[in-house]
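# Reading the structure
The lines below spell out each chain.
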Amino acid sequence: KNQVEQSPQSLIILEGKNCTLQCNYTVSPFSNLRWYKQDTGRGPVSLTIMTFSENTKSNGRYTATLDADTKQSSLHITASQLSDSASYICVVSPDSNYQLIWGAGTKLIIKP
Amino acid sequence: KAGVTQTPRYLIKTRGQQVTLSCSPISGHRSVSWYQQTPGQGLQFLFEYFSETQRNKGNFPGRFSGRQFSNSRSEMNVSTLELGDSALYLCASSLVVAYNEQFFGPGTRLTVL
């Protein structure tokens, strides 16, 4: 069964600290993996998209990694800011003909 | 380039009523997908439209339906509303398929009383 699991479910860190969010997937075939940031009550915003041949991609303070062999991805946030408080969602695309497989997200809270 | 727009932004209905939500994709985008997000839950896929045809459908009852017009604008309809339909309904557009990068609208917050 195609699944995307994210951990932790929620995370609280102090402003300025780094953190890493995890995404494990059992999706086949695999086409690409995306990370989205969703502020409360708003639509998700894309952070990164990686195909199976890419193992790292950065977007400012956000760096995503992908290990297609172990089917794991991580999102690393450097020097967190209060505005990073949001849910971070991992999404895997099996193929152009299939619907996307969405993770439940990690709720990140940055405290001053 | 204007982003994805959704109307209305907020809606309050009572049980048994029906509702129609609208989504205008980014200019040039032909794929529109709809999602339901309930509090604390992940996004649940409703359906995807491309060139006025439903291409993919999630596991929702037949009360949920949609359509896409020739200008790629899309509407979704929920009939016989239930309390559990209260949610944020998100629309996403992409160039050709949902496989491409998706851009989300701000959502419509539906409350069913």
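Residues numbered from 1 in each chain as written. Chains lettered and ligands numbered in written order. Predicted model: local features only at pLDDT ≥ 70, side-chain atom pairs only at ≥ 80, totals over all residues. Heavy atoms only, no water.

Check the secondary structure of chain B and you find 0 helices and 11 strands. When the elements of chain B are put in sequence order from the N terminus, they spell out β-β-β-β-β-β-β-β-β-β-β. The globule rule puts the C-alpha radius of gyration for 113 residues at 13 Å, and the 13 Å found for chain B is close to it. Projected onto its principal axes, the C-alpha positions of chain B cover 35 × 25 × 25 Å. Within chain B, the fraction of its 113 residues that count as buried is 50%. Here the contacts in chain B between residues at least 6 apart in sequence split such that 55% fall between residues at least 24 apart. In the structure as shown, chain B presents an accessible area of about 5200 Å², 49% of it carried by carbon and sulfur atoms. Here chain B carries 11 positive and 6 negative side-chain charges, and the mean point of each set is 4 Å from the other. (Helix = DSSP H or I, 4+ residues; strand = E, 2+ residues; numbered from the N terminus. Rg over C-alpha atoms; globule rule 2.2 N^0.38 Å. Buried < 20%, exposed > 50% of the residue type's maximum accessible area, 1.4 Å probe, protein only. Contact = heavy atoms within 4.5 Å. Areas by Shrake-Rupley, 256 points an atom, 1.4 Å probe, with all protein chains shown as cover. Lys, Arg positive; Asp, Glu negative; His and termini not counted. Charge placed at Lys NZ, Arg CZ, Asp CG, Glu CD.)

Here A:Ser28 and A:Pro29 are connected by a cis peptide whose omega angle stands at -5°. For the bond from B:Thr7 to B:Pro8, the omega torsion is -10°, close enough to zero to count as cis. For B:Pro8, the position within the fold is in the loop between strand 1 (5–7) and strand 2 (10–13). Its identity is not glycine, yet A:Lys71 carries a phi of approximately 60°, on the positive side.

Accessible area lost on assembly of the parts is the figure often given for the size of an interface. In this assembly, 19 residues from chain B lie in contact with 22 residues from chain A. Here chain B meets chain A over a buried area of about 1500 Å², counting both sides, of which 53% is carbon and sulfur. Those elements that place two or more of their residues in the side of chain B that touches chain A are strand 4 (31–37), strand 6 (53–57) and strand 9 (87–94) of chain B. Of the residues assigned to the side of chain B that touches chain A, the class counts are 10 nonpolar, 6 polar and 3 charged. (Buried area = accessible area lost by both parts, 1.4 Å probe. Nonpolar A, V, L, I, M, F, W, Y, C, P; charged D, E, K, R; others polar.)

Let us now look at the state of the cysteines. What the rule picks out here adds up to 2 disulfides over all chains. Covalent S-S linkage joins A:Cys23 and A:Cys90, the inter-sulfur distance amounting to 2.0 Å. Taking the sign of the S-S torsion, -65° for the link of A:Cys23 and A:Cys90, the bridge is left-handed. Here A:Cys23 is found in strand 3 (residues 19–26), whereas its partner A:Cys90 is found in strand 9 (residues 86–93), with 67 residues between them in sequence. With respect to burial, A:Cys23 and A:Cys90 carry one shared label: buried. The disulfide partner of B:Cys23 is B:Cys91, and the gap between their sulfur atoms is 1.7 Å. Around the S-S axis, the bridge from B:Cys23 to B:Cys91 shows a dihedral of about -50° and counts as left-handed. Within this pair, whereas B:Cys23 is found in strand 3 (residues 19–24), its partner B:Cys91 is found in strand 9, the two being separated by 68 residues in sequence. A residue is classified by how much of its surface remains accessible, and B:Cys23, at 0% relative accessible area, is buried. (Disulfide = S-S within 2.5 Å.)

A word on the sheet that holds strand 3 of chain A. Residue and element names in this part refer to chain A. The strand order across the open sheet built from 5 strands is 1-3-8-7-6, with neighbouring strands paired in antiparallel fashion. This sheet does not close on itself; its edge strands, each paired only once, are strand 1 (3–7) and strand 6 (56–59). Strand after strand, the sheet turns through a mean of 15° between neighbouring axes, direction not considered. Direction of pairing for strand 6 relative to strand 7 (residues 62–67): antiparallel, over a ladder of 4 bridges. Residue serine 58 lies in a different strand from strand 7, and its bridge partner there is threonine 63. (Pairing = 2+ DSSP bridges. Axes fitted to C-alpha atoms, helices over the stretch in contact; angles between N-to-C directions.)

Residues and elements named next belong to chain B. One pass over the full model with this rule turns up 7 salt bridges over all chains. Note that glutamate 82 is salt-bridged to arginine 63, the shortest N-O span being 3.6 Å. Residue glutamate 82 is located in the loop between strand 8 (74–78) and strand 9, and its partner arginine 63 is located in the loop between strand 6 and strand 7 (64–68); the two are separated by 19 residues in the primary sequence. The shortest N-O distance in the salt bridge between arginine 63 and aspartate 85 comes to 2.8 Å. Pair noted here: arginine 63 is in the loop between strand 6 and strand 7 and aspartate 85 is in the loop between strand 8 and strand 9, with a separation of 22 residues, a long-range link. Owing to a relative accessible area of 16%, arginine 63 belongs among the buried residues under this scheme. Sharing partners across several salt bridges, the network here consists of Arg63, Glu82 and Asp85. (Salt bridge = Lys/Arg side-chain N within 4 Å of Asp/Glu carboxyl O.)

Residue and element names in this part refer to chain A. Structurally, serine 74 is set in strand 8 (residues 72–77). A distance of 2.5 Å separates polar atoms of two side chains, one belonging to serine 74 and the other to threonine 65. When residues no more than four places from it in sequence are discounted, the contact partners of serine 74 are Thr20, Leu21, Gln22, Trp35, Thr63, Ala64 and Thr65. (Polar contact = N/O pair within 3.5 Å; in protein donor to acceptor, adjacent residues only side chain to side chain.)

Confidence in the prediction of chain A, expressed as mean pLDDT, is 92, and 97% of residues score 70 or more. Confidence scores differ between elements of chain A, with strand 10 (residues 101–102) of chain A showing the lowest mean pLDDT of 88 and strand 8 of chain A the highest of 98. (pLDDT = per-residue confidence, 0-100.)

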